[in-house]
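Commentary on secondary and tertiary structure
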Amino acid sequence: MRVRAEHRGPARLGSDRVRGGPAGIVPRIRIREIDLFERPVDFRMPFRFGAAVVHRASQAFVRLRIEDTAGRSAIGHGAELLVPYWFDKDPGRSPAEHGERLRQSLVLATAVARDGTDCTPAFALSRAWREALRRPAREHALPPLLAGLGPALLERALLDAVCRLLDAPFERALRANAFGLDFAQGAFADLRALDIGRFLARLRGSSEIAVRHTVGLADPIRREDAADGGADAMVDDGLPESLEEAIEVWRPRYFKVKVAGASRSDATRLIEIAALLDEAAPDSVVTLDGNESFADVDAALALVASVEDEPRLARFAERILYFEQPLPRARALETDVRLLAARLPVVIDESDDDDDAFLAARAAGYAGVSIKACKGVLRAVGNAARCAVWNAEAGRDARWFVSAEDLTTQVGLGVQQDLAMATMLGCAHAERNGHWYVGGMPGVSEAEQCRFAAAHPDLYEFGPAGIRLRIVEGRISLASLGGVGFATSALPDLASMALLRGPDPSDPPPR
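The text that follows walks through the structure, step by step, so that each part is easy to find. All values derive from a computational prediction rather than experimental measurement.

**Section: the environment of R127**
- With respect to the element layout, R127 can be found in helix α2 (residues 122–139).
- Along the primary structure R127 and L153 are separated by 26 residues, whereas in three dimensions their C-alpha atoms are 13 Å apart.
- Beyond its immediate chain neighbours, meaning those up to four positions away, R127 contacts E155, A187, D355, L378 and R379.

Set out below in structure tokens:
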């Protein structure tokens, strides 16, 4: 299979400065207040990935106030969809039980963050939260990826607050290292020799990014497939309901195709998808996502072989960029994937549950790691730095990269902060599926939707069901994300939401 580079990479060194102080200023801060909120999100279409099918979820919001050593304070915000069956794929728990465990991660992280009294840079503070959560996460049987959700969401609000403290946009604050990234010891210690200031100063955001459209396992491929379910099964909300219609309306060039881990049935479905792409998107580029569905490397190799050996998939095979997380996280990093990687670059996603997971993945033969705000923005920066160092050392054999993937990030803070992170780290395209499975801001007041539309007229548009992502020829504009803060020019109506309450962190863990 032919592999093509699809990453912008960092631009040249620049001289921008953070307003409010010289480049290199790093506020030392403490947490003064944290509040958690949530509201329900009903999907317009079911999202099937791996063995899971999701119809609805809650979206969590955090408001956090910081104070620096001079007594100045600022407030930051963040949001994340609490998607069941991804952070923890335990099939023995109900969606409601998974929701409670997701809330528990947020509540435990909040308790840890409130306990801190020392003033430290944002990076050190975020890493301290993660370290302090290791023991309670084990006691409450939270797997690492799930345990990391809480500190990742708090971190997003923390970065927003630091930007607001300095009256700076996220891009300028990151390039000036206002968050105090320091790889001399502890997390990312393998990068201790890196000139972090020079690396960050080279980062540049983009004014737009291409959308990688998700093709879920339950998604209709052709228009008639959506209609075959009968009138009751159709959404009929004015938005596309099949892959064919999505291509007609949004004109994406990039596609992320879910595969189920059964080479024969996967190949049959891929033939149908490939035929449509040949007709409607002949210059398309594709990534495969296994969502941990393949039992072992041999099963993943069998799928690759079935694609390469099928004449009707010849052009499709040429389009594939990489294969994302085929193996279950429990053994993915302990399995040598070099035979698979020789055929197609392999990326970790669910296995990226610790700051050093990418190191283990590289040793096993993986070339890429997904970046998602739900796993941590600063971890994503560290992994992008690793790619820069490893590729510089490899020269012509450079092959490491970060990919921008999605967890159904929602219109508003969730999608905005995730996109701001992705473009800063050089991603030319990003999987986006919140506009596909949810559509927009269901159940949100018209006033709140209008605030976001007014703040980001390039990013959003109004449709029959309200505000939604604006996609033109497969691309979305990011120009309006450059205001002060971490992509938070408009704020959600927290007063209209319920307080997010999880299990009391002082309660004894289950036996």
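**Section: unusual backbone geometry**
- Its identity is not glycine, yet D167 carries a phi of approximately 55°, on the positive side.
- With respect to the secondary-structure elements, D167 resides in the loop between α4 (149–165) and α5 (170–175).
- In the Ramachandran plot, A487 falls in the positive-phi region, its phi being about 55° despite a non-glycine side chain.
- Counting through the fold element by element, A487 comes out in the loop between β14 (475–477) and β15 (498–499).
- Residue class for A487 comes out buried when judged on its relative accessible area of 1%.

**Examining the pattern of salt bridges**
- What the rule picks out here adds up to 48 salt bridges.
- Across the salt bridge formed by D35 and R63, the nearest N and O atoms sit 3.3 Å from each other. With D35 in strand β1 (residues 29–49) and R63 in strand β2 (residues 52–68), this residue pair connects regions lying 28 residues apart in the sequence.
- Here D278 and R319 are joined by a salt bridge, their closest N and O atoms 2.8 Å apart.

**A short note on the pairing of strand β3 (residues 73–82)**
- Of all the 10 residues making up β3, eight are buried; the element is thus mostly covered by neighbouring parts of the structure.
- Two elements, β2 and β3, share 10 bridges in a ladder whose sense is antiparallel. Its bridge partner lying in β3, A60 is registered against E80.
- Following β2, the chain reverses through four residues before pairing antiparallel with β3; G71 in that reversal takes a positive phi of roughly 90°.

Thresholds applied
Residue numbers run consecutively from 1 along every chain, following the written order of its sequence. Two thresholds apply to this predicted model, a pLDDT of at least 70 for residue-level local features and 80 or more for giving and counting side-chain atom pairs, whereas whole-chain, interface and lining totals are computed over all residues. Think of the side-chain values as coming from all heavy atoms in the structure, minus any hydrogens and water. Numbering of helices and strands runs from the N terminus; a helix is a DSSP stretch of H or I covering at least four residues, while a strand is a stretch of E covering at least two. Any pair of residues with heavy atoms lying within 4.5 Å of one another is described as a contacting pair. The cut-offs for exposure are 20% and 50% of the maximum accessible area for each residue type, with area from a 1.4 Å probe on protein chains only; residues under the lower value are buried, those over the upper are exposed, and the others partly exposed. One speaks of a salt bridge when a side-chain nitrogen belonging to Lys or Arg is within 4 Å of a carboxyl oxygen belonging to Asp or Glu. Two strands are said to pair when DSSP picks up at least two bridges between them.

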